[in-house]
Amino acid sequence: MLAAAVSVAAACSDKARIDADINQAASSEVVVKKLNVNKFEVLDTVAVDASGKMSYAMEIEAGQPEFVYLFHGDKKIASLLLSEGEKVHVSADTLGNYTVTGSEESARLAEVEKEFAAVSAKLDALTSQLEGASAEAAAKINAAVTQEYVAYYRSRVRYVMENSKSLTVVPVF
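Report follows, based on the coordinates. (Residues numbered from 1 in each chain as written. Predicted model: local features only at pLDDT ≥ 70, side-chain atom pairs only at ≥ 80, totals over all residues. Heavy atoms only, no water.)

**Observations concerning the overall build of the protein**
Helix and strand content of the protein: four helices and eight strands. Secondary structure elements in the protein, listed N-terminal to C-terminal, are α-β-β-β-β-β-β-β-β-α-α-α. Relative to the globule expectation of 16 Å for 173 residues, the C-alpha radius of gyration of the protein, 20 Å, shows a markedly less compact shape. Residue burial in the protein is summarised as follows: out of 173 residues, 34% are buried. Of all intrachain contacts in the protein linking residues separated by at least 6 positions in sequence, the fraction that spans at least 24 positions is 51%. Working note: accessible area of the protein is about 10400 Å², and carbon and sulfur atoms make up 55% of it. (Helix = DSSP H or I, 4+ residues; strand = E, 2+ residues; numbered from the N terminus. Rg over C-alpha atoms; globule rule 2.2 N^0.38 Å. Buried < 20%, exposed > 50% of the residue type's maximum accessible area, 1.4 Å probe, protein only. Contact = heavy atoms within 4.5 Å. Areas by Shrake-Rupley, 256 points an atom, 1.4 Å probe, with all protein chains shown as cover.)

**What to know about the packing of aromatic side chains**
Two numbers describe a pair of aromatic rings. These are the distance of the centres and the angle of the planes. What the rule picks out here adds up to four aromatic pairs. Aromatic side chains Phe40 and Tyr69 sit 5.0 Å apart centroid to centroid with 75° between the ring planes, which places their arrangement in the edge-to-face category. Here Tyr69 lies in strand β5 (residues 66-72) and Phe40 lies in strand β3 (residues 39-47), a separation of 29 residues in the sequence. Residue Phe40 is classed as partly exposed on the basis of its relative accessible area of 41%. Measuring from centroid to centroid gives 5.3 Å for Phe40 and Phe71, while their planes differ by 75°, and the two rings are edge-to-face. With a gap of 31 residues between them, Phe40 in strand β3 and Phe71 in strand β5 connect regions that are remote in the sequence. Here the aromatic cluster, defined as three or more aromatic residues joined through ring pairs, consists of Phe40, Tyr69 and Phe71. One residue, Lys33, lies across the ring of Phe71, its end atom 4.1 Å from the ring centre. (Phe/Tyr/Trp six-rings, centres within 6.5 Å; stacked < 30°, edge-to-face > 60°. Lys NZ or Arg CZ within 6 Å of the ring centre and 35° of its normal.)

**Observations regarding the packing of helix α2 (residues 104-128) against helix α3 (residues 135-162)**
It is the contact of α2 with α3, at a shortest axis distance of 9 Å, that shows an interaxial angle of 170°. Judged by the inter-axis angle, α2 sits roughly antiparallel to α3. Residues Arg108, Val112, Glu115, Phe116, Val119, Lys122, Leu123, Leu126 and Thr127 of α2 touch α3, and the partners they reach there are Ile141, Ala144, Val145, Glu148, Tyr149, Tyr152, Arg156 and Tyr159. The residue inventory of the contact of α2 with α3, partitioned by class, reads eleven nonpolar, one polar and five charged. (Axes fitted to C-alpha atoms, helices over the stretch in contact; angles between N-to-C directions. Parallel < 35°, antiparallel > 145°, perpendicular 65-115°, else oblique. Nonpolar A, V, L, I, M, F, W, Y, C, P; charged D, E, K, R; others polar.)

Rendered as structure tokens:
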């Protein structure tokens, strides 16, 4: 009975907890920031231990999820969308590659960011081929850029329609 009461009390907590394993960041620091309207607000600087682990807990108002970001130096290494009572685990490197468990919304946000990064890399690779390309080759490259952009745009419209109640649509816009 006591264990059940403790479990219920923990689930009703207004704190969210982040536990992270950060490769290549042993004995360093991670800056925790939250999105405040349209700019980052530093919440804290957290020490990463010699094994690359860190923990951070923050208060989150009930029904008011927060966009929270982990930075190593100037590099954003993880993005989270946290609600009260969540306990998330982040596995990241210092290049911005990460996975997150324990928060469905944070996992969705990670997927949204990965998809954007992938299409950005494809578009950059295609447009870099334009320099020195013949008119015929440039026309083919431009057609490929357009096709890639339209496919991504359609996938984002579909994502917004399928996830209209999720705050993860905010960065899609």
